[in-house]
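# A structural walkthrough
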Amino acid sequence: MAIMELPEQLIASLKNIPGFEEAAFKAVHESGEQITSVRLNSNKIFNIQYSILNGHQDRVPWSTQGYYLPRRPSFTLDPQFHAGAYYVQEASSMFLEQALKQTIDLEKRLKILDLCAAPGGKSTLIQSLITEDSLLVSNEVIKARVNVLAENMTKWGSGNVIVTNNDPKDFQRLEKYFDAIVVDAPCSGSGLFRKDPDAIAEWSENNVALCGQRQQRILTDVLPALKEGGVLVYSTCSYSLREDEDISEWLVMEMDLESLALELDPQWGIIETRSARCGANGYRFYPDRLKGEGFFIAAFRKKNTGGHEWRSGRANKRPDTVSQKEIDTIAPFLNRADGLFFIRQGDELIAMPDSLKQDLAVIQDALYIKKAGVKIGQVIRTDLVPDHELALSNLINPSVDRIDVDLETALQYLRKEELKIKCSGTGWHLVCYQQLPLGWVKILPNRVNNYYPSAWRILNK
Ligand code: SAM
């Protein structure tokens, strides 16, 4: 393994920061050790054997559903990955679970914004933590990255998420609306150098300064959308003070937020730091001290100033109504019809929890929505052409016709190849691998039509 040349200016800038030990830090980068971790999807855990865990139970200590893998498998060739049974996520960033659990009552109905969400690591984690009647708005400003975010949220399978494609300043239309905002900011990326040594060449002090300015701009733009008493969680994968403690300091001193302390188990190896002047709390993750990559996270509360709260009733849009006949057609495909409302988008029907009706109208007025709730499909006369989103969602009725397939057939299905399945029935069937739905097929008397979405099919042989 070639010696990893970390930027000298980066090393010099870290020398007095708590927790930084130059020799150990350099050694762990030079070791090139690669850590792989996944977080299981609590929407989809049905006593399945996770083949990727390979019998190991090596837990990420600060996470309820996070596990380290003994080696990096081919996720592409694991149907459970495509079924959304888990998300491949860097272990340090799973600490967001602690930041939210320790600062917000997650049993309440909440509205949470994940502002910089693609490809969806933090959003899938937040979705697993909130109640079914809560709302997650998962936003990504860069258009080219929204599709992968929408795909990952679809695989995660829950109806209480709206994926948007907006600039942070657009959220000013939702003044004091969210109970919590997560800003996992674009940054200079030094925390990921061990995982991605090619990124080293792009690092410069100038870029750190530019990232710091951009982080302040993003936070300034989005903070009006946070309720008074609401929580902001800010994180980066940079080690630089300018992007971490200096931003915390600025949030407290200039933006008038209150810094929140988090409890740490000393065995976790996470380092608590304080900003230079006001002592704002921050939490640093160094790869030589714990099993994870470089990460920084801090939590804040917006002070109460006695101003007005978001007032509901501003949105007037009435969604197109869905007829009782259509609801009767889709009902057999759903595990419940109560507690949901249905809207039409083009030819398709969409389901969301009843509790989010007003929120959807408000968000529709203010933002560009890429995806909301779960697409159920298209009703043609008295038949439903079911959508792929329904197959992967937690709304699917377990008694819908299913075909359990072996690994080889599952991979043929995911490659959208022709399938030779023996099945006595006809019509729509869910293709399942180890009980987990992968998508739809339509069984005809003489052939099987594979409805796996072309854009998602696996190309790797
Ligand atoms: N939270 C994601 C996850 O856990 O999977 C990773 C987010 S990544 C660290 C930062 C994101 O911010 C990227 O998706 C990037 O496209 C987005 N971004 C870049 N410039 C931005 C800006 N000016 N405002 C808001 N988001 C931005």
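Above this text is the structure in question.
Quick summary incoming for the structure in this document.

Reading the values: the criteria
Think of each chain on its own: its residues are numbered from 1, step by step along the sequence as written. Residues qualify for local features only when their pLDDT is at least 70, as the model is predicted, and side-chain atom pairs are given and counted only at 80 or more; totals for whole chains, interfaces and linings, by contrast, use all residues. Each side-chain value is derived from all of the structure's non-hydrogen atoms; neither hydrogens nor water enter the calculation. Using a 1 Å grid laid over the protein atoms alone, points where a 1.4 Å probe fits but cannot get out form a cavity; open sets with protein on both sides within 12 Å along at least 5 of 7 lines form a pocket; any residue with an atom within 4 Å of a point counts as lining. Grid points are joined across faces, edges and corners, and a volume is the space filled by probe spheres set on the points. Residues were grouped as follows: Ala, Val, Leu, Ile, Met, Phe, Trp, Tyr, Cys and Pro as nonpolar; Asp, Glu, Lys and Arg as charged; and all remaining residues, including Gly, as polar. Put simply, DSSP H or I for four residues or longer makes a helix, DSSP E for two residues or longer makes a strand, and each gets a number counted from the N terminus. The buried label applies to any residue whose accessible area, calculated with a 1.4 Å probe on protein chains only, is under 20% of its type's maximum; exposed applies above 50%, and partly exposed to all values in between. Note on definitions: a residue-residue contact is assigned when non-hydrogen atoms from the two residues lie within 4.5 Å. We call a residue near a molecule or strand whenever a single non-hydrogen atom of that residue lies within 4 Å of it. As used in this structure description, the phrase polar contact means that two N or O atoms lie within 3.5 Å; if the pair is within protein, one of them must be able to donate a hydrogen and the other to accept it, and residues adjacent in sequence are counted only when both atoms belong to side chains. Per-residue accessibility takes into account occlusion by the displayed protein chains alone, with areas from the Shrake-Rupley method and a 1.4 Å probe. A cavity or pocket is said to hold a molecule if more than half of that molecule's atoms lie within 2 Å of its grid points. We call two strands paired when DSSP finds no fewer than two bridges between them. Here, axes are lines fitted to C-alpha atoms. For helices the fit covers the stretch in contact, and angles between N-to-C directions go from 0 to 180 degrees. Stacked, tilted and edge-to-face are the three classes applied to pairs of Phe, Tyr and Trp rings, where Trp contributes its six-membered ring and a pair requires centres within 6.5 Å; stacked means planes under 30 degrees apart, edge-to-face means over 60, and tilted covers the rest. The rule is short: NZ of Lys or CZ of Arg within 6 Å of the ring centre and within 35 degrees of the ring normal puts a charge over the ring.

## What to know about empty space enclosed by the protein
Summed over all chains, the structure comprises one cavity of 30 Å³ or more. Within this model, the largest cavity holds a volume of roughly 60 Å³. Residues that form the lining of the largest cavity fall into these classes: three nonpolar, four polar and two charged.

## Description of the environment of threonine 164
By the secondary structure assignment, threonine 164 is in strand S7 (residues 161-164). Since its relative accessible area comes to 0%, threonine 164 is described here as buried. As for threonine 164 and leucine 40, which are separated by 124 residues in sequence, their C-alpha atoms are 24 Å apart. When neighbours within four sequence positions are excluded, threonine 164 is seen to be in contact with Val137, Ser138, Asn139, Glu140, Val146, Phe171, Ile363, Leu367, Tyr368, Ile369 and Lys370.

## Overview of the site of the ligand
Around the ligand there are 17 residues in total, and Cys116, Gly121, Glu140, Arg145 and Asp184 lie nearest to it. With respect to the ligand, the side chain of glutamate 140 contributes an N or O atom lying 2.6 Å from an oxygen atom. Within the contact set of the ligand, a nitrogen atom lies 2.8 Å away from a side-chain nitrogen or oxygen of aspartate 184. Its free accessible area being 600 Å², the ligand has 84% of it covered by the protein chains. Comparing atom positions with the cavity grids shows the ligand to sit within the largest pocket. Among the secondary structure elements, those contributing two or more residues to the shell around the ligand are helix H5 (121-129) and helix H7 (205-222).

## Observations concerning the sheet that holds strand S17 (residues 374-380)
The sheet built from four strands is open, its strands ordered S14-S15-S17-S18 with antiparallel pairing. The open sheet terminates on both sides in strands that have one partner only, identified here as strand S14 (340-345) and strand S18 (383-386). Averaged over neighbouring strand pairs, the angle between their axes works out to 35 degrees when direction is ignored. When S17 meets S18, the two strands line up antiparallel, connected through four bridges. From the neighbouring strand, glycine 377 faces S18, where its bridge partner is proline 386.

## Observations regarding the sheet that holds strand S1 (residues 37-40)
In space, the four strands of this open sheet follow the order S2-S3-S1-S4, with antiparallel pairing throughout. With one partner strand each, in any of the chains shown, strand S2 (58-59) and strand S4 (86-88) form the two edges of the open sheet. Bridge count for S1 against S4 is three bridges, and the pairing is antiparallel. Bridged to arginine 39 within S4 is tyrosine 87. Along the sheet, H5 makes contact with S1 and S4, crossing S1 at roughly 35 degrees.

## Here's the deal with the packing of aromatic side chains
By the definition in use, this model includes 17 aromatic pairs. Their ring planes at 75 degrees and their centres at 6.4 Å tell us that tryptophan 62 and tryptophan 268 sit as a pair that is edge-to-face. Of the two residues, tryptophan 62 sits in the loop between S2 and strand S3 (66-68) while tryptophan 268 sits in the loop between strand S10 (257-260) and strand S11 (271-274), which places them 206 residues apart along the sequence. Assigned by exposure class, tryptophan 62 and tryptophan 268 land together as buried. Ring geometry for tryptophan 428 against tryptophan 440: centres 6.4 Å apart, planes inclined by 80 degrees, an arrangement best described as edge-to-face. Of this pair, tryptophan 428 sits in strand S20 (residues 427-433) while tryptophan 440 sits in strand S21 (residues 436-443), and the two are twelve residues apart along the sequence. Here tryptophan 428 and tryptophan 440 have matching classes, each one buried. By way of ring pairs, the aromatic residues Trp62, Phe95, Trp268, Phe285 and Phe295 are connected into one cluster. Positioned over the ring face of phenylalanine 81 is lysine 155, at 5.5 Å from the centre of the ring.

## Some points on the pairing of S14
The pairing of S14 with strand S15 (residues 348-353) spans six bridges and is antiparallel. Each residue of the ladder has a partner; that of arginine 344, found in S15, is leucine 349. Connecting S14 to the antiparallel partner S15 that follows it, the hairpin turn spans two residues, and glycine 346 within it adopts a positive phi of roughly 60 degrees.

## Concerning the environment of leucine 40
As for its position among the elements, leucine 40 is in strand S1. By relative accessible area, which is 5% here, leucine 40 ends up buried. Residues leucine 40 and tyrosine 177 lie 137 residues apart in sequence; the distance between their C-alpha atoms is 30 Å. Apart from residues lying up to four places away in sequence, leucine 40 is in contact with Ile45, Tyr50, Gln65, Tyr67, Ala85, Tyr86 and Trp156.

## What about the pairing of strand S12 (residues 281-285)?
The buried fraction of S12 amounts to five of the five residues, a majority that puts the element mostly inside the structure. The alternating pattern of S12 places Asn281, Tyr283 and Phe285 on one face and Gly282 and Arg284 on the opposite face, and all of these are buried. Across four bridges, S11 lies against S12 in antiparallel orientation. When the bridges of S12 are listed, glutamate 272 appears paired with tyrosine 283. With antiparallel pairing between neighbouring strands as the criterion, S11 and S12 make up a hairpin whose turn holds six residues, including glycine 279 at a positive phi of roughly 70 degrees. Of the strand pairs in this sheet, S12 and strand S13 (residues 295-302) are connected by three bridges, and their pairing is antiparallel. Pairing of phenylalanine 285 across the sheet is with phenylalanine 295, part of S13.

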